Amino acid sequence: MEHITSLKNPKVAAWKSLKDRKGRKELGCFLVEGRKMTEEALASAFPVEALLLDQDRAGEFTLPGHVPTYAMPAHVLATVCDTKTPQGIAAIVKMAEMPLRGLRLVALDGVQDPGNVGTIIRTADAAGFDGVLLSAQCADVFSPKVLRATMGSVFRMGIRVTEDLAGELHQLVQSGASVLSSQLDGQPFYQMGAVATPFVLVIGSEGNGVTDAVKAVSTHQVKLPMRGGAESLNAAVAAGIMMYELTRGMD
């Protein structure tokens, strides 16, 4: 175990840069915080480059011997972490290819709120979906807020970002998949008949909804009933309702 004491240490500067998309892209790594996320990372196919510990809490954690480990004072660890109260452990994880395959996918069309993106990934995992396809306009999957909201599901789901969401959905339609576009002017969701797999549920951005290009290639355009005064639901809530309904027959 190596000890680091200075905020000016080059490793500390590099790890701090992972809070930003530019730093993550340059280093090809991202940071996860806390015991649960670190354990999820170690158990996943993602290579863990380093473990970072609060030197006063190092005895709280069972550490694998094969991962370089760095102990540091709490104030040094705090500068690396994104949370206001670090949990004493963090991990530097190498970005890895996450194959996107399966019969049940959710696609995010410009969902920009990190909490929504992370929550949808977590809910897709819980509901039994196979993967998540994101447009390039979505919040960065590896940002600290998205990662925290996934609660580790990011390490289990097939996830991919595309520059041409409409084009990829069109290819899926051509191969026999159904594409369900969630939009305010769609047909009532609960009046839709059963949807055979494979299918893709598309969730649009918080402000503008699903793009016209994606609507044009969708096979189903659906909306949830608004029985009260609200005009719409939070993107993650709407996604959760529809994902669980679409996987009802899996039980």
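Up top is the structure these notes are about.
Report follows, based on the coordinates. Here the structure is a predicted model, which is why all the values come from computation and not from measurement. (Residues numbered from 1 in each chain as written. Predicted model: local features only at pLDDT ≥ 70, side-chain atom pairs only at ≥ 80, totals over all residues. Heavy atoms only, no water.)

**What to know about the nonpolar core**
Part 1 of the reasoning: With 47 residues, the main nonpolar core has Leu 108 and Ile 203 as its most contacted residues.
Part 2 of the reasoning: Considering every element that reaches this core, the biggest residue donor is helix α9 (residues 235-246), with 7 residues.
Part 3 of the reasoning: The next biggest cluster of nonpolar side chains, apart from the first, holds 16 residues, and it includes Cys 29, Ala 50, Met 72 and Val 76. (Core = buried A, V, L, I, M, F, W, Y, C linked by side-chain atoms within 4.5 Å. Buried < 20%, exposed > 50% of the residue type's maximum accessible area, 1.4 Å probe, protein only. Helix = DSSP H or I, 4+ residues; strand = E, 2+ residues; numbered from the N terminus.)

**Comments concerning the packing of helix α5 (residues 114-127) against α9**
Part 1 of the reasoning: In the contact formed by α5 and α9, the axes pass within 9 Å of each other and the chain directions differ by 10°. Compared by their axis directions, α5 and α9 come out roughly parallel. Crossing of α5 against α9: the hand is right-handed. In this structure, α5 contributes Asn 116, Thr 119, Ile 120, Thr 123, Ala 124, Ala 126 and Ala 127 to the contact, and α9 contributes Ala 235, Ala 236, Ala 239, Gly 240, Met 243 and Tyr 244.
Part 2 of the reasoning: When the residues that make up the contact of α5 with α9 are grouped by side-chain class, the tally is 9 nonpolar, 4 polar and no charged. (Axes fitted to C-alpha atoms, helices over the stretch in contact; angles between N-to-C directions. Parallel < 35°, antiparallel > 145°, perpendicular 65-115°, else oblique. Left-handed = near helix turned anticlockwise from the far one by under 90°. Contact = heavy atoms within 4.5 Å. Nonpolar A, V, L, I, M, F, W, Y, C, P; charged D, E, K, R; others polar.)

**So, the side chain of Ser 153**
Part 1 of the reasoning: Assignment of secondary structure puts Ser 153 in the loop between α6 (144-150) and β8 (158-162).
Part 2 of the reasoning: Ignoring anything within four residues of it in the chain, the contact list for Ser 153 reads Ile 121, Arg 122 and Asp 125.

**Focus: unusual backbone geometry**
Part 1 of the reasoning: Note the cis peptide between Thr 197 and Pro 198, where omega equals 5°.
Part 2 of the reasoning: Positionally, Pro 198 belongs in the loop between β9 (178-188) and β10 (199-204).
Part 3 of the reasoning: A positive phi angle, close to 55°, is found at Met 151, a residue other than glycine.
Part 4 of the reasoning: One can find Met 151 in the loop between α6 and β8.

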